[in-house]
Amino acid sequence: MPKDTSIKSVLIIGSGPIIIGQACEFDYSGSQAARSIREEGIEVILINSNPATIMTDPMMADRVYLLPLTVESIEQILEENQIDAVLPTMGGQTALNLCKEVDELGIWEKFNVRLIGVDIKAIDKAEDREQFRQWMIQLGIPVAPARTANSLLEGKEFAQEIGFPLVIRPSFTLGGTGGGFVHGKDDLDEALDRGLKASPMHEVLVEKAVLGWKEYELELLRDKNDNVVIICTVENLDPMGIHTGDSITVAPAMTLSDTAYQDMRNKAIMMMRQLGNFAGGCNVQFAMNPENEELIAIEINPRVSRSSALASKATGYPIAKIAAKLAIGYTLDELENQITKTTSAFFEPALDYVIVKMPRWNFDKFKGADDTLGLQMKSVGEVMAIGRTFTEALQKACQSLENDAVGLGYYGKSLLKSEQLIEKLKRPTWDRIFRIKDALMEGMSVKTIHQHTLIDRWFLHQINDIVTVEKQLLEHDLESVPFDLLKEAKQMGFSDKQLSILFTNCEEDEVYEKRKALGITRTYKMVDTCAAEFEAKTPYFYSTFDTENESIPSDKKKVIVLGSGPNRIGQGIEFDYCCVHGLQAIQECGYEAIMVNCNPETVSTDFDMANKLYFEPVYWEHLWEIVELEKPEGVIVQLGGQTALKLAKRLTEKGIKIIGTSFDSMDIAEDRGRFSDRLKELGIPFPKYGTAFNTDDAIEVAKEVGYPVLVRPSYVLGGQRMRIVINEEELEKSVLSLLKHLPGNKILIDHFLDRCQEAEIDAIFDGENFHVMGVMEHIEPAGIHSGDSNAVLPAFNLSQLIVTTMEYYSEKIARALNIKGLINIQFAIKDGQVFVIEANPRASRTTPFIAKAYQVPYLNIATKVMLGANKLTDFKIEKNLKGFAIKEPVFSFNKFPGVNKELGPEMKSTGEAIRFIKDLRDPYFRTLYKERSMHLSK
């Protein structure tokens, strides 16, 4: 059966701002779905409140509503548009919950709109814990003993009946919010109260805990004819008890027997077929007893999920795109495999490689937070690595994390004694995988580590293989290392930097030159969905150390775009937005666009966004070998945040052109000391400052510039480790902390301008012409990181003289730094005087906000200017904004009970939303402004 011709228009509901548990994977799925439906000639109307998303771009839908995800917004859209159907499965839990609420109020029925992809009964069946449990019993699929409670008293009664340890699972929540383990009576009341409050239905499942069982996820697709395919089977390295979003995961499953796998497949397919009115992508989770392979169902998500994005990138199968087509009536056998272009979409991908996903945490932003991993997700992002073996993929994943890891291992940092290691292994934390390696290096047995971690022995033996090779490497230096051992190390994922540490007295580049001379260089393999059974048309590659190279460079002029790696606080989805627009502009200018990134949640790593995609760590060694193979005209680093910027120096030293602003100019802006010196030369006011490398220097500088002072390092993102201190004792503590966590970093000490206004300008400079894209005024005073401030566009309370002064200083800085492309400059205004705080010669988190607020192709223009393809005078920049736009920060403090929520110079927000107001009398704005007055009075 072809598509449903009665559907002429579809409403897609997004997931809103990024929060822990619901990140940019839904921008990926929403964007794919919108494109998939539009290519069928169906009108797409889209709602989302997140300005940093690609899905809210005009090119993605026929009409985009940047509105809060509320019933009122849905009603407004339905009144303004003739909508036939709504697709609720692309916006995570937020979209499902909103659809359910709108349905309960009778609004879908009132406007004659039907749900496609899934209906309310199917949502309830999957999301309501008690309905799910009863359904599983009816199907004969085992579940853990459990009872549903709607009150504290009920919960306590059921807990006594089931027995400890218990799991508390709230209904209709995301990222495990409100969930947790209860090991005894003392913790029960608090856990029940937290879970009941987290559930919008005030309902929790009190369930027997199956701690230590193995956990698996299956990604499936089902069409209206009950055809089902399993796209990917994902195994959690960590046992049950850790949220899958916080667990290292592996695909394909490594430790499943064929019998258990077939049993799991059969149960998942039965669940899919019995779900009810459902057509699209689904995620099913199971737990398995490692002793006897007993299987129980944990949950089913009747929507695309975080794992769907991972499975798509792992297999090359565009799950969201196909799921959207199934929702509008197609069947799997009618659709083509988007990768091969010659086979059907009704097939199950085959993997001839291994993928490892590693989460990325930001516990450093939440002082005092419990860093124990459990049922409630705490990671802020993730990376994915592809290798021929598990060990290669694991080490590549470590190199992708952007936390200074050079592979699996600490290498002299924070070494622990055996007793300390055992305590570390017992408690699951973000770095336990590194501690397992340390324990094996110390000689601890696989058996002992398994007893403490309950991680499957197969994984531990694999890590022990890394340890065995590392111990052999330690017996050699660079000159004496045998060819076979060096090759084996590289095939196991050891980085050149890692090897240089092990060999001692040699540099990373020396290791590279040695292995290059020996012919040990990277080859590139294609991700083709079918293990090379059919010819693939999509240029999507990963590196390994093999004999055959499948990535053949073309004769076209090429430009490489560096992505931003894993999402984390201070560097999120906004940089993926910038990369996608950069890729499009590069292609429009006639170049071959090559993307390098390692984040599976992103649109930039979609299989058809760039001419060529390298799913690789944004890490020097990996980048350099791609550059050597492709020989690009240059590399763009301005779009990938601090991750990309940090690689600019080495690229420049190697003679590779940085497209846009040069490394030296960027370095002046990023190095706080050099930048302040340049401002002094230009006669532009800035807070008094000094630089220090130790506590004694810092104390002298602080005396000179005067307290309070802002203590900060160079080359960091999100205000990392910035502190406002008011006396010598606090200063010494801050400097010692910086020296401990960022050794060798130059420390800048500024006089802090207390109780002043903060504002910022985004602009483009082409070498001749300067254009201000937006002037934003922060509602919160200086001292609160710009990412945590509400920013209003255009400025609402600054005089014309102040705005003109800001624009004048901005142009002066852009010319002095020889900026080519983007620049963001931040200001403090005190007693009518304008001070420059900092300049960012790259895309920033405000870039997408301005593009959406003014409806201008900001990044397209900036990229073409960087490439030298156009001057600003070639563009007619028309800004369309009636009233004001507010960029609202969004926080995830609920994941970290008891942490300090006070805002300061170090960024803590996980995402942002956009809100439009007609004028300053708007009640929302008045409330924010009142809060500002309270900040100033403190």
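Notes on the structure in this doc start here.

Conventions and cut-offs
- Residues numbered from 1 in each chain as written.
- Predicted model: local features only at pLDDT ≥ 70, side-chain atom pairs only at ≥ 80, totals over all residues.
- Heavy atoms only, no water.
- Helix = DSSP H or I, 4+ residues; strand = E, 2+ residues; numbered from the N terminus.
- Polar contact = N/O pair within 3.5 Å; in protein donor to acceptor, adjacent residues only side chain to side chain.
- Contact = heavy atoms within 4.5 Å.
- Pairing = 2+ DSSP bridges.
- Axes fitted to C-alpha atoms, helices over the stretch in contact; angles between N-to-C directions.
- 1 Å grid on protein atoms, 1.4 Å probe; cavity = no way out; pocket = protein on both sides within 12 Å on 5 of 7 lines; lining within 4 Å.
- Points joined across faces, edges and corners; volume = space filled by probe spheres on them.
- Nonpolar A, V, L, I, M, F, W, Y, C, P; charged D, E, K, R; others polar.
- Buried < 20%, exposed > 50% of the residue type's maximum accessible area, 1.4 Å probe, protein only.

All right, on to the side chain of Glu625 then. Within the secondary structure, Glu625 is located in helix α21 (residues 620-630). In terms of polar contacts, Glu625 uses its side chain to reach the side chain of Arg522, at 2.7 Å. When near neighbours in sequence (up to four residues on either side) are disregarded, Glu625 contacts Tyr512, Arg515, Thr521, Arg522 and Tyr524.

Below, the discussion takes up the sheet that holds strand β25 (residues 723-725). The strand order across the open sheet formed by four strands is β23-β26-β24-β25, and the pairing between neighbours is antiparallel. Each edge of the open sheet is held by one strand with a lone partner, namely β23 (689-692) and β25. Direction aside, the axes of adjacent strands within the sheet are offset by 25° on average. Bridge count between β23 and strand β26 (residues 747-751): four bridges; the pairing is antiparallel. In the strand pairing of β26, Ala692 is matched with Ile747. Here helix α25 (residues 672-682) sits on the sheet in contact with β23, β24 (709-713) and β26, set at roughly 150° to β23. Along the sheet, helix α26 (residues 695-705) contacts β23, β24 and β26; its crossing angle with β23, the most-contacted strand, is approximately 175°.

Here we come to the layout of surface pockets. In this structure, the second largest pocket encloses a volume near 950 Å³. Those elements that provide at least two residues to the lining of the second largest pocket are β25 and α27 (728-741). Counting residues per element, the lining of the second largest pocket draws most heavily on α27, at five residues. The class makeup of the residues in the lining of the second largest pocket is 12 nonpolar, six polar and 12 charged.

Of all eight residues making up helix α24 (residues 663-670), seven are buried, and the element is well covered by its neighbours. Where α24 is concerned, the buried positions are Phe663, Ser665, Met666, Asp667, Ile668, Ala669 and Glu670. Where the residues of α24 are buried, they touch α22 (641-645), α23 (648-653), α25 and β31 (833-840).

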